[in-house]
Amino acid sequence: MRLIVLLAARLGSFADAAFALTQTGLPISAQHVRTLAHQVGAELVEQRDRETGQDRSKVPVRVAATPGVVAVEIDGGRLRTRGTGAAPAVTEGQPLAREGPQPANRRDPGGEPWAPRKRVSTCVASLANSRAFGRMVAVEAKERDFYRAGRKAFVADGAAYNWKLQQRYFAGFVPIADFLHVLCYVYRAAWALAADEAGRWQQYVAWLRACWQGRVGEVIEQLRDWQGRIGRPPPQEELAASDPRRAVAEALCYFGHNAGRMKYPEYRRAGLPTTSSLVESLVGEVNARVKGKQKYWNRGAGAEAILQLRAALLSEDGRLDRYLGERPGSPYRRSQKQDGHKAPAKVATSQTR
């Protein structure tokens, strides 16, 4: 059972898992793999919902020591789902809770760079709406004792729902706008405004350096000056992405909403991450299992179950192996009566995570 579920979560499809299992001498159909994977995934959904439904203050901590530096990173992905008798629909998934950026030694010129290093990461994924998902991430953070960490960061792109989650569930975390998104807005504006390639590059570097050094206010003022010269986008008119009016307006909108989350020198000094690249790469890892030209998931149980398996597999705390080893029916689980003593009855609850 462990091997079947692990391969169903790791490989690209149930058919791939069935083929791999057959090569090991275990003949099994793709449909049978699917049934067993959905069964365990549904168990994980039930366990997650049970934990999420309780008062967060009563959620027990599952780690031996409070981490010193933590980060929660949120991002969204897309997969194709369909309902009974309905056309394929598109929905969201794949956000993440992650621990462990650590400041590097900045006193030793020959040492490692200042960028924080990941120690341990865990993943939370769901098709649920953003509010429900926020509760899931908050429970994961509570179990890992994030709220008592000395330094805490919440990193995301500029999507409004990300910052609503931060304010609701992670108000004590330092909010950080992903610097790579800043780079993209600066690049588009510089390339749309300057007359030649040399001028574009010079403007891009100047604005990007200003943002990196925490001088986003200067960039905003210069963009406003440009907008005064070229004008705003006409109302209810769709402009080309390369149109200077659109590029400047979009950059001003992004910087205006996120300037307070762009204090990058402060974040670097604190050893906090400045990009959400960790979670964005993890979305790719989730997509490798659930996304493809020929993949359409039944909305609800099908996609949600496999998301739980994939998230547990990608988590670096061994939770999927641990769950499979302790669930009822596992050959490694203590029996109800062993050596004349009763084993604990609640072996597959959240306490085993």
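Below: a short report on this structure. A quick note: this is a predicted structure, and the numbers were derived from the prediction, not measured.

Here we look at the packing of aromatic side chains
- Within the structure shown, the criterion is met by 16 aromatic pairs.
- Between Trp212 and Tyr264, the aromatic rings sit 6.1 Å apart at their centres with planes inclined by 25°, giving stacked as the arrangement. In this pair, Trp212 is assigned in helix α7 (residues 197-212) and Tyr264 in helix α10 (residues 264-269), connecting sequence segments 52 residues apart.
- Classification of Trp212 as partly exposed rests on a relative accessible area of 25%.

Comments concerning the pattern of salt bridges
- Going through the model one piece at a time under the given rule, you end up with 15 salt bridges.
- A salt bridge links Arg215 to Glu218; its shortest N-O distance comes to 2.7 Å.
- Of the residues examined, Glu218 reaches a relative accessible area of 40% and is grouped as partly exposed.
- With its nearest N and O atoms 2.8 Å apart, the salt bridge here joins Arg319 to Asp317.
- Owing to a relative accessible area of 11%, Arg319 belongs among the buried residues under this scheme.
- The class of Asp317 is partly exposed, set by a relative accessible area of 26%.
- Through salt bridges with shared partners, a single ionic network connects Arg48, Asp49 and Glu304.

Quick word on unusual backbone geometry
- With a phi close to 65°, Asp145 is a non-glycine residue in the positive phi region.
- Take Asp145: it is sitting in the loop between α4 (130-143) and β6 (151-156).
- The exposure class assigned to Asp145 is buried, which follows from its relative accessible area of 4%.
- Backbone geometry at Gln236 places phi at a positive 60°, although glycine is not the residue there.

With respect to the nonpolar core
- Judged by nonpolar contacts, the single largest core of 35 residues is most densely connected at Val33, Leu309 and Leu320.
- Of all the elements in the fold, those that place two or more residues in this core are α1 (2-10), α2 (14-23), α3 (30-53), α11 (277-290), α12 (301-314) and α13 (319-326).
- No other element matches the eight residues that α12 contributes to this core.
- Other than its neighbours up to four places away in sequence, Leu309 contacts Val5, Ala9, Ala37, Val40, Gly41, Leu44 and Leu320.
- In this structure, Ala71, Tyr204, Leu208 and Met262 belong to the second largest nonpolar core, which totals 30 residues.

Some points on the pairing of strand β7 (residues 174-177)
- As paired elements, β6 and β7 share four bridges and run parallel to each other. Counted as the bridge partner of Phe154 is Pro175 from β7.

Describing the packing of helix α8 (residues 216-230) against helix α9 (residues 244-258)
- It is the contact of α8 with α9, at a shortest axis distance of 10 Å, that shows an interaxial angle of 150°. Regarding the angle of α8 to α9, the classification is roughly antiparallel. For the crossing formed where α8 meets α9, the hand is left-handed. Listed contacts from α9 to Val216, Val219, Ile220, Leu223, Arg224, Gln227 and Ile230 of α8 are Pro244, Arg245, Val248, Ala249, Ala251, Leu252, Phe255 and Gly256.
- Among the residues making up the contact of α8 with α9, the classes are represented as eleven nonpolar, two polar and two charged.

About the thresholds
Residues numbered from 1 in each chain as written. Predicted model: local features only at pLDDT ≥ 70, side-chain atom pairs only at ≥ 80, totals over all residues. Heavy atoms only, no water. Phe/Tyr/Trp six-rings, centres within 6.5 Å; stacked < 30°, edge-to-face > 60°. Helix = DSSP H or I, 4+ residues; strand = E, 2+ residues; numbered from the N terminus. Buried < 20%, exposed > 50% of the residue type's maximum accessible area, 1.4 Å probe, protein only. Salt bridge = Lys/Arg side-chain N within 4 Å of Asp/Glu carboxyl O. Core = buried A, V, L, I, M, F, W, Y, C linked by side-chain atoms within 4.5 Å. Contact = heavy atoms within 4.5 Å. Pairing = 2+ DSSP bridges. Axes fitted to C-alpha atoms, helices over the stretch in contact; angles between N-to-C directions. Parallel < 35°, antiparallel > 145°, perpendicular 65-115°, else oblique. Left-handed = near helix turned anticlockwise from the far one by under 90°. Nonpolar A, V, L, I, M, F, W, Y, C, P; charged D, E, K, R; others polar.

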